[in-house]
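# Descriptive analysis of the structure
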Amino acid sequence: MKKYLNTICLGCAAFFLLLNFAFMALPGATVTILGTKGKASIYEMFEHSGILVVAMVFVIIALLAIAFALLVEFKLFDFKFAGFVLLGAALFALLAGIFYFCACTGDYEGFDLGIGAVLCALLSIFAAGGAGFVGCMKVLKK
């Protein structure tokens, strides 16, 4: 099992980042006006919230870096600095998670954070943990 720990952690991190794109369809912001609830998905919030666009770009960068590290892990490429690539991917995923928590800033004054933004943020932070763990293990050579 220890032999496949890096592969499992990287696979889970990539899966969590892929789930972000599905959970972005859930409500990112909710508002209640006169007893009526209004909801906007994260995809609908892109044109008014630039920080969500940056978060999505960071998720894509982290996903590509983790996919490259998985190819190195499967020994399809020989790259000595895969640990540093994973640490960068973990940083991008962590920043994306923080940015998803800031989804209701900008033109969304008075809105509450929706379940889609919270789930995307948590999944990005979990992916950052997995990629950061494997990256630290590779850099420290343990």
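Description of the structure in this document. Predicted, not measured: the structure shown is a model, and the values here were computed from it. (Residues numbered from 1 in each chain as written. Predicted model: local features only at pLDDT ≥ 70, side-chain atom pairs only at ≥ 80, totals over all residues. Heavy atoms only, no water.)

### Considerations on the nonpolar core
Across soluble globular proteins, nonpolar side chains show a tendency to be buried alongside one another. The test is simple: For this analysis, a nonpolar core means a set of buried residues of the types Ala, Val, Leu, Ile, Met, Phe, Trp, Tyr and Cys, connected via side-chain atoms within 4.5 Å. Think of it in three bands: residues with accessible area under 20% of the maximum for their type are buried, residues over 50% are exposed, and the middle band is partly exposed, with areas taken using a 1.4 Å probe on protein chains only. Segments assigned H or I by DSSP are reported as helices when at least four residues long, segments assigned E as strands when at least two residues long, and all are numbered from the N terminus. Contact between two residues is taken to exist if any of their heavy atoms lie within 4.5 Å; hydrogens are not considered.
Residues Leu10, Leu17, Ile42, Met45, Ile66, Leu86 and Tyr100 are the most contacted members of the largest nonpolar core, which totals 36 residues. Those elements giving two or more residues to this core turn out to be helix 1 (5–23), helix 2 (50–73), helix 3 (82–101) and helix 4 (115–140). Looking at this core element by element, the count peaks at ten residues for helix 2. Beyond its immediate chain neighbours, meaning those up to four positions away, methionine 45 contacts Gly28, Ala29, Ala40, Leu52, Ala103 and Tyr108.

### Notes on the packing of helix 1 against helix 2
Keep this limit in mind: Lines fitted to C-alpha atoms define the axes here, with helix axes fitted over just the stretch in contact, and angles between the N-to-C directions of these axes take values from 0 to 180 degrees. Geometric relationships in this document are graded by angle, where less than 35 degrees denotes roughly parallel, more than 145 denotes roughly antiparallel, 65 to 115 denotes roughly perpendicular, and other angles denote oblique. Should the near helix be turned counterclockwise from the far one by less than a right angle, the crossing is left-handed, whereas a clockwise turn marks it as right-handed. Each residue gets one of three labels, nonpolar for Ala, Val, Leu, Ile, Met, Phe, Trp, Tyr, Cys and Pro, charged for Asp, Glu, Lys and Arg, and polar for the others, Gly among them.
Look at helix 1 against helix 2: their axes get within 10 Å of each other, and the N-to-C directions meet at 155°. The pairing of helix 1 with helix 2 is recorded here as roughly antiparallel in orientation. Helix-helix and strand crossings are classified by hand; for helix 1 and helix 2 the assignment is left-handed. Only Met56, Val59, Ile60, Ala62, Leu63, Ile66, Ala69, Leu70 and Glu73 of helix 2 make contact with helix 1, whose side of the interface consists of Asn6, Thr7, Leu10, Gly11, Ala13, Ala14, Leu17, Leu18, Asn20 and Phe21. By residue class, the composition of the contact of helix 1 with helix 2 is 14 nonpolar, four polar and one charged.

### Digging into helix 2
Keep this limit in mind: Each residue after the first adds 1.5 Å to the expected span of a helix.
Taking 1.5 Å of rise per residue, 24 residues should cover 34 Å, and helix 2 covers 35 Å from first to last C-alpha, within 8% of that figure. Residues of helix 2 that are buried: Leu52, Ala55, Phe58, Val59, Ala62, Leu63, Ala65, Ile66, Ala69, Leu70, Val72 and Glu73.

### Here we look at the pattern of salt bridges
Put simply, the rule reads: When a carboxyl oxygen of Asp or Glu is within 4 Å of a side-chain nitrogen of Lys or Arg, the pair counts as a salt bridge.
Overall, the coordinates contain one salt bridge when judged by the stated rule. Taking the shortest distance from any N to any O, the salt bridge between glutamate 73 and lysine 138 comes out at 3.0 Å. Placement of glutamate 73 in helix 2 and of lysine 138 in helix 4 is noted, with a sequence separation of 65 residues between them. On the basis of relative accessibility, which here comes to 17%, the residue glutamate 73 falls in the buried class.

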